[in-house]
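Listed below are the residues making up each chain.
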Amino acid sequence: MSERPWSSTAPPGEFRTYISAEESPKEFTIRAVILGALFGLLFGAVTVYVGLRAGLTVSASIPISVLSISILRAFGRSTILENNIVQTTGSAGESLAAGVMFTIPALIFLGFGSEFTFWRIFPLALLGGWLGVLFMVPLRRQLIVKEHGNLAFPEGTACADVLVAGERGGSFAGRVFWGLGLGGVYTFLMNTVQAWTSQPEGRPSWFPGASFRAAITSEYLGVGYIIGPRVSGILFAGGIVSWLVMMPAIKFYGQLAGNTPIYPSTIPIPLMTPDDIWRSYIRPMGAGAVAAAGLITLLRTLPTILSALRAGLRDVRAEGAGQSAASSRIDRDVPMRWVILGSIVIVAMMWVLLTFHPMKDAGTFWWQNLFAGIFVVIFGFLFVTVAGRISGLLGNSSNPISGMSIATLMATCAIFFLAGWTAPNYAVLALMIGGVVCIAAAIAGATSQDLKTGYLVGATPFWQQMGLLVGVTVSTVAIGATLNLMNKGLEKYIPTPIPVSIQALPSGVKIERDSFTYQNKSYVLINSLGSHEIPDGEYLYDAGSHRIEYQWAQGIGSDKAPAPQARLMATVINGILNQRLPWRLVLMGVALVIAVEVLGVRSLAFATGSYLSIATTGAMFAGGLVRALVEATTKKKDESEASPGALYSSGLIAAGGVFGLLGIIIALLQDPEISNRVPHWLTSVLGLPWRADLFAFGPKIMGPLATSNLFGIFMFALLAASLFYFARKKLD
């Protein structure tokens, strides 16, 4: 097969699939589906971890293809179509995770943090994932077959090239494993052993309000390398404007405020740390910037949206008229009647979920829930079509998922507002609609790339679509579990004494739960959102002392997992339904984006950088600089996703995610209250809780080096040097 003349970019008249329609090699085998499902679990969990921290994701198709070739080869000869099923099934986890983490954690920020559980996340993720796969079925012929030569589908084409070059699988996989091994050792020593600081920081006294910091993780270095120096530089530029221009300016002029807090902060500016200023003033500004940049990106693609919709509807009519009966193996899709029946089932399941399993204090009428289900299908088809087309033109990384989600939320919330549905339960209903649509759009972008890969190598579309449904279903489990794990593992209870009258709570503050147990004591859980007197968050109120005693800072939303897109979704919903936005700050962010667009810079990366911590964007910029150095020294400017550096970076990202999650699990097992949360036999077998210093022996051995900023930067520089070395080292 490998000698057969074939090109993934051959023009339509000359193109032929790598495996012809007459051949029928092994494809949808048990081992391929199981391996793909395992990769879906792994990369779904890793993507959630990296995405909540960094605010963006990278494609997993190439590393999965590379690993599949190597692993299946160890169990005997595999076919190219088997490897394609593995990457199709496995990559569903990465794209599904992006849609879920961009929206569903907004429940926490809307004041329903105690309802953020696995059994809330799982069904919504599943419905959105199925919807995205099903709606791509009637669009496949139009977008992938008929538009071959017009739509590039860059990730899908690169993946096909890697699969065809499968004879080189050992060398390809070796580069990923090197990244995984060295990145894993680095992450374990830094996070769990605590041999050096994970975030060197300097707050110079000569520049009050500013903070120079970098989160020196392997995943940020890898992400920065893959997105390249230009995009990582624009991200970092957003961070510089926020952290080294806006925040020092707020501190400088805020000195005039004396001891008077300025909304939305409840702390006087002279007393605020850089983190306080970022949380109170920069985040609303960044939210306005990200929302504006997302909508500008969406408007820029309006001609594409309209043409894609027309083409999609035309193809659906052709399917309905029976014009698309499969004449060969490579034309066989999931039947159209399955798509229609599946859509009806999804509406029904959405209705059942909202009607019979509502969130506490967020129940809605049955006809409103039916309306939500129908809305999901209408918006879902619209944005699945858009996502598939844009992924074909620009690549899945340019898929404006957040912009489409904001548009869905704004349209839904505007209808709700006109109908007078402004209570908190309708905010949850709007989020459910926006969340499922966002997940469907995210999975559609990746599905279109997978189907393009299949078209190029000669796969059977029906079996790819089955693999995608399996991948979505299995990876949903890992995604829900990881979100829950991070939320619990990173949570803190911060002593925050605030006198308050439970009978006359300030505006924007509500009782979330009458009874909440912490350290064997019962409290009232109250939530603040948009209050002028109590900072946003969830608090434990003690009836005996008549005051708030602790802030319950959940893991998602903390500095270690800021979840910027999810917080933005909550801001949009709350702002439209309750008019509780700090509008002046939001409009400053909008103005900033307009200025950047006028300068000729695509603003979405800049806006995201202005929202994130400079620690995140600084570390990613370091990865981009390594990429620029590699390209300068090798005289190569067209690094592909299958290049040595990109493969090594994929290993670094996976290592950061896997060992980062391992560190969170170890921290949970060291929790003094773990014995109250797990079965008694597990406590006895594992000897829980573990000692706090069981693994964290780094400070004892390393002494002052463990907390030294310079030593942390030196270790990060060594990791960056390893990336530079492996990126320049040619594949065998």
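Basis of the calculations
- Residues numbered from 1 in each chain as written.
- Predicted model: local features only at pLDDT ≥ 70, side-chain atom pairs only at ≥ 80, totals over all residues.
- Heavy atoms only, no water.
- Helix = DSSP H or I, 4+ residues; strand = E, 2+ residues; numbered from the N terminus.
- Rg over C-alpha atoms; globule rule 2.2 N^0.38 Å.
- Buried < 20%, exposed > 50% of the residue type's maximum accessible area, 1.4 Å probe, protein only.
- Contact = heavy atoms within 4.5 Å.
- Areas by Shrake-Rupley, 256 points an atom, 1.4 Å probe, with all protein chains shown as cover.
- Lys, Arg positive; Asp, Glu negative; His and termini not counted.
- Charge placed at Lys NZ, Arg CZ, Asp CG, Glu CD.
- Core = buried A, V, L, I, M, F, W, Y, C linked by side-chain atoms within 4.5 Å.
- pLDDT = per-residue confidence, 0-100.
- Phe/Tyr/Trp six-rings, centres within 6.5 Å; stacked < 30°, edge-to-face > 60°.
- Lys NZ or Arg CZ within 6 Å of the ring centre and 35° of its normal.
- Pairing = 2+ DSSP bridges.
- Axes fitted to C-alpha atoms, helices over the stretch in contact; angles between N-to-C directions.
- 1 Å grid on protein atoms, 1.4 Å probe; cavity = no way out; pocket = protein on both sides within 12 Å on 5 of 7 lines; lining within 4 Å.
- Points joined across faces, edges and corners; volume = space filled by probe spheres on them.
- Nonpolar A, V, L, I, M, F, W, Y, C, P; charged D, E, K, R; others polar.
- Disulfide = S-S within 2.5 Å.
- Parallel < 35°, antiparallel > 145°, perpendicular 65-115°, else oblique.
- Left-handed = near helix turned anticlockwise from the far one by under 90°.
- Expected span 1.5 Å × (residues − 1).

### Details of the overall build of the protein
Phase 1: The helix and strand inventory of the protein stands at 24 helices and seven strands.
Phase 2: At 25 Å, the protein has a C-alpha radius of gyration in line with the 27 Å of a compact globule built from 732 residues.
Phase 3: Judged by the C-alpha coordinates and their principal axes, the protein covers about 80 × 65 × 60 Å.
Phase 4: Going through the 732 residues of the protein one by one, you find that 61% of them count as buried.
Phase 5: Partitioning the intrachain contacts of the protein with sequence separation of at least 6 by distance along the chain shows that 80% fall at a separation of at least 24.
Phase 6: Element-wise, carbon and sulfur atoms account for 66% of the exposed surface of the protein, whose accessible area totals about 28,500 Å².
Phase 7: Of the side-chain charges in the protein, 50 are positive and 40 negative, and the distance between the mean point of each set is 3 Å.

### Observations regarding the nonpolar core
Phase 1: Leu52, Val100, Leu107, Met432, Leu483 and Met486 are the most contacted members of the largest nonpolar core, which totals 182 residues.
Phase 2: Top element by residues in this core is helix α15 (residues 424-457). It accounts for 21 residues.
Phase 3: Not counting residues within four places of it along the chain, the set of residues in contact with methionine 486 comprises Val48, Tyr49, Leu52, Gly555, Ala561, Leu661 and Ile664.
Phase 4: With 15 residues, the next largest nonpolar core counts Ala210, Met272, Ile277 and Ile614 among its residues.

### What to know about the environment of proline 564
Phase 1: Locating proline 564 in the fold gives a position in helix α17 (residues 564-578).
Phase 2: Judged by relative accessible area, which is 6%, proline 564 ranks as buried.
Phase 3: Once the C-alpha coordinates of proline 564 and methionine 101 are considered, the two residues, 463 residues apart in sequence, prove to be 9.5 Å apart.

### Some remarks on the confidence of the model for the protein
Phase 1: In the predicted model, the protein carries a mean pLDDT of 85, and the fraction of residues at 70 or more is 92%.
Phase 2: Confidence scores differ between elements of the protein, with helix α11 (residues 302-320) showing the lowest mean pLDDT of 63 and helix α24 (residues 709-728) the highest of 96.

### Points about the packing of aromatic side chains
Phase 1: This model, assessed by the stated rule, comprises 37 aromatic pairs.
Phase 2: Relative to tryptophan 421, the ring of tryptophan 367 lies with its centre 5.6 Å away and its plane at 70°, an arrangement referred to as edge-to-face. Of this pair, tryptophan 367 sits in helix α13 (residues 366-394) while tryptophan 421 sits in the loop between α14 (401-419) and α15, and the two are 54 residues apart along the sequence.
Phase 3: When its relative accessible area of 43% is taken as the criterion, tryptophan 367 is described as partly exposed.
Phase 4: Considering the side-chain rings of phenylalanine 462 and tryptophan 463, the 5.0 Å spacing of their centres and the 75° angle between planes classify their relative orientation as edge-to-face.
Phase 5: Looking at phenylalanine 462, the relative accessible area reads 8%, which means it is buried.
Phase 6: Through a chain of ring-to-ring contacts, the aromatic side chains of Phe365, Trp367, Phe371, Phe375, Phe379, Phe383, Phe416, Trp421 and Tyr426 assemble into a single cluster.
Phase 7: Its guanidinium or amino end placed over the ring of tryptophan 278, arginine 283 lies 4.5 Å from that ring's centre, counting from NZ or CZ.
Phase 8: The ring of tyrosine 225 has arginine 627 sitting right over it, with the charged end atom 5.5 Å from the ring centre.

### Digging into the pairing of strand β6 (residues 537-542)
Phase 1: With six of six residues buried, β6 lies mostly within the body of the structure.
Phase 2: Burial along β6 is two-sided: Gly537, Tyr539 and Tyr541 and Glu538, Leu540 and Asp542, pointing in opposite directions, are all buried.
Phase 3: Pairing geometry for strand β5 (residues 521-528) and β6, over five bridges, is antiparallel. By the bridge assignment, asparagine 527 is partnered in β6 with glutamate 538.
Phase 4: Linking two consecutive strands that pair antiparallel, namely β6 and strand β7 (residues 547-553), is a turn of four residues; a positive phi of about 60° is found at histidine 546 within it.

### As for the sheet that holds strand β3 (residues 492-499)
Phase 1: Read from one edge to the other, the open sheet built from five strands follows the order β3-β7-β6-β5-β4, with strand pairing classed as antiparallel. The sheet is open, and its two borders are formed by β3 and β4 (509-518), each paired with just one other strand. Within this sheet the neighbouring strands show an average axis-to-axis angle of 30°, counted without direction.
Phase 2: Where β4 meets β5, seven bridges bridge the pair, whose relative direction is antiparallel. Residue phenylalanine 516 lies in a different strand from β5, and its bridge partner there is tyrosine 523.

### Description of empty space enclosed by the protein
Phase 1: Here the structure, examined in full by the defined rule, presents four cavities of 30 Å³ or more.
Phase 2: Of the pockets and cavities examined, the second largest cavity occupies roughly 120 Å³.
Phase 3: Lining the second largest cavity are 13 residues, with Arg120, Leu354, His357, Met359 and Met432 sitting closest to its centre.
Phase 4: Of all the secondary structure elements, the ones that give two or more residues to the lining of the second largest cavity are α5 (118-136), α12 (336-356) and α15.
Phase 5: Looking at which element gives the most residues to the lining of the second largest cavity, the answer is α15, with four residues.
Phase 6: Classifying every residue of the lining of the second largest cavity gives nine nonpolar, three polar and one charged.

### Observations regarding the pairing of β5
Phase 1: Counting buried residues in β5 gives six out of eight residues, a clear majority hidden from the surface.
Phase 2: Between the end of β4 and the start of β5, which pair antiparallel, lie two residues, with glutamine 519 showing a positive phi angle near 55°.

### Digging into the state of the cysteines
Phase 1: Applying the stated rule across the entire model yields zero disulfides.
Phase 2: You can see cysteine 413 has no disulfide; the closest cysteine sulfur is in cysteine 438, sitting 14 Å from it.
Phase 3: On the basis of relative accessible area, cysteine 413 is assigned to the buried category, the value being 0%.

### Here's the deal with the environment of leucine 568
Phase 1: With respect to the secondary-structure elements, leucine 568 resides in helix α17.
Phase 2: Under the relative-accessibility criterion, leucine 568 is labelled buried at 2%.
Phase 3: Sequence separation of leucine 568 and alanine 287 is 281 residues, and the distance between their C-alpha atoms is 5.4 Å.
Phase 4: Aside from chain neighbours lying at most four places away, what touches leucine 568 is Ala287, Val290, Ala291 and Ile406.

### Here's the deal with the packing of helix α10 (residues 274-300) against helix α18 (residues 583-598)
Phase 1: The geometry of α10 relative to α18 is characterised by a closest axis approach of 7 Å and an angle of 45° between their N-to-C directions. Classified by the angle between their axes, α10 and α18 sit oblique to one another. Viewed along their axes, α10 and α18 form a crossing whose handedness is right-handed. Along the contact surface, α10 presents Ser280, Tyr281, Pro284, Met285, Gly288, Ala289, Ala292, Ala293, Ile296 and Arg300, while α18 presents Leu585, Val586, Met588, Gly589, Val590, Val593 and Glu597.
Phase 2: Residues of the contact of α10 with α18, tallied by class, amount to 12 nonpolar, three polar and two charged.

### So, helix α21 (residues 644-669)
Phase 1: Taking 1.5 Å per residue as the helical rise, α21 with its 26 residues ought to reach 38 Å, and the 38 Å between its terminal C-alpha atoms agrees with that figure.
Phase 2: Within α21, 21 of the 26 residues are buried, which leaves the element mostly enclosed by the surrounding structure.

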